[in-house]
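Working through the structure, step by step
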Amino acid sequence: GRLVNLKDIIEDTNYPREFCSKDFDTVAIEHTLRGSAYNTKLVAPNDVPKTWDDLLNPKWKGKIAIESSMSIFITLTPSWGEEKMVAYLKKLREQNPIFVNGATQATTLLGAGEFPLAVNTLLHRTLIMQSKGSSVAQVPISPIVDKFSPVVIPRNSPNPNAAKLYLRWLLTPEGIALADKVRFKGNPLPGAG
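Everything numeric in this text was worked out from a predicted model, so none of it was measured. (Residues numbered from 1 in each chain as written. Predicted model: local features only at pLDDT ≥ 70, side-chain atom pairs only at ≥ 80, totals over all residues. Heavy atoms only, no water.)

1. Details of the overall build of the protein
Along the backbone of the protein there are seven helices and six strands. Listing each helix as α and each strand as β along the protein from the N terminus yields α-β-β-α-α-β-α-β-α-β-β-α-α. With respect to the three principal axes, the spread of C-alpha positions in the protein is 55 × 40 × 25 Å. Once local pairs closer than 6 in sequence are excluded, the contacts in the protein between residues at least 24 apart make up 70%. As displayed, the protein offers around 10600 Å² of accessible surface, 55% of which is attributable to carbon and sulfur atoms. Of the charged side chains in the protein, 23 are positive and 18 negative, and the gap between their average positions amounts to 4 Å. (Helix = DSSP H or I, 4+ residues; strand = E, 2+ residues; numbered from the N terminus. Contact = heavy atoms within 4.5 Å. Areas by Shrake-Rupley, 256 points an atom, 1.4 Å probe, with all protein chains shown as cover. Lys, Arg positive; Asp, Glu negative; His and termini not counted. Charge placed at Lys NZ, Arg CZ, Asp CG, Glu CD.)

2. Section: the layout of surface pockets
Approximately 170 Å³ is the volume found for the largest pocket. In terms of lining, the largest pocket is formed by T51, W52, D53, L56, W80, K84, A87, Y88, K91, S142 and P143. Of all the elements, helix α3 (residues 82–93) adds the most residues to the lining of the largest pocket, at four residues. Residue classes in the lining of the largest pocket are distributed as six nonpolar, two polar and three charged. (1 Å grid on protein atoms, 1.4 Å probe; cavity = no way out; pocket = protein on both sides within 12 Å on 5 of 7 lines; lining within 4 Å. Points joined across faces, edges and corners; volume = space filled by probe spheres on them. Nonpolar A, V, L, I, M, F, W, Y, C, P; charged D, E, K, R; others polar.)

3. Some words on the packing of aromatic side chains
On inspection of all chains with the given rule, the structure shows six aromatic pairs. Ring centres of W52 and F73 lie 5.9 Å apart, and the angle between their planes is 65°; on these two criteria the pair is classed as edge-to-face. Of the two residues, W52 sits in the loop between β1 (27–39) and β2 (64–67) while F73 sits in helix α2 (residues 71–80), which places them 21 residues apart along the sequence. Exposure class is identical for W52 and F73. Each is buried. Seen in terms of ring centroids, F73 and Y88 are 6.2 Å apart; in terms of plane orientation they differ by 35°. Their pairing is tilted. Pair noted here: F73 is in helix α2 and Y88 is in helix α3, with a separation of 15 residues, a long-range link. Both residues of the pair, F73 and Y88, count as buried. A connected cluster of aromatic rings, assembled from ring pairs, spans W52, F73, W80 and Y88. (Phe/Tyr/Trp six-rings, centres within 6.5 Å; stacked < 30°, edge-to-face > 60°. Buried < 20%, exposed > 50% of the residue type's maximum accessible area, 1.4 Å probe, protein only.)

4. Details of the environment of W52
The class of W52 is buried, set by a relative accessible area of 5%. For the pair formed by W52 and S142, sequence separation is 90 residues and the distance between their alpha carbons is 7.7 Å. If near-sequence neighbours (up to four positions away) are discounted, W52 is found in contact with S36, I72, F73, L76, W80, Y88, V119, I141, S142 and P143.

5. Quick notes on the packing of α2 against α3
Think of two packed helices as two axes; the pair is described by the angle between the axes and how far apart they sit. Following both chains from N to C, one finds α2 and α3 inclined at 135°, their axes separated by 7 Å at the closest point. Classified by the interaxial angle, the pair formed by α2 and α3 is oblique. When α2 is examined against α3, the residues F73, L76, T77 and W80 are found in contact with a partner set consisting of E82, K84, M85, Y88, L89 and L92. Tallied by class, residues from the contact of α2 with α3 come to seven nonpolar, one polar and two charged. (Axes fitted to C-alpha atoms, helices over the stretch in contact; angles between N-to-C directions. Parallel < 35°, antiparallel > 145°, perpendicular 65-115°, else oblique.)

This is the structure we're talking about:
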């Protein structure tokens, strides 16, 4: 009861219900896609890993950077199961990964040729760097992780109706497109482009 119910806005904008909480007091409006990336000058197209297990190939030993939070593995654990994840991480540790602080730093160093592969990178950062001529590309490994950024409106906020009006606009194709243009997250929702 501490949050404003957003059901009217969600229904009015036909916003996908799978991106809303069951009681309609939370809506995810921004997607941050995490995965892996590679340096296109250091990895030939036919050598690009296609599965998570491909990263365990001995040819990548000492050549894989991992963003130090390792959040992608935390997020994948429920779908993989704890036992499989622990076993995988033990094998990945044998690859002598290079730990890097932050996904932006990992992708920047990747583009500079410091290593051929990076794990736990952000798709939007890879796209931004590609648009600036960097030699980086997304590794087509599935699954990637889609982290949603939730929005709520506290019931006792100073102007909850103004917040609802703004959120209503933000959930329209125009709002989604502008947010994606500014944030460049590669939003998969209709209207984002």
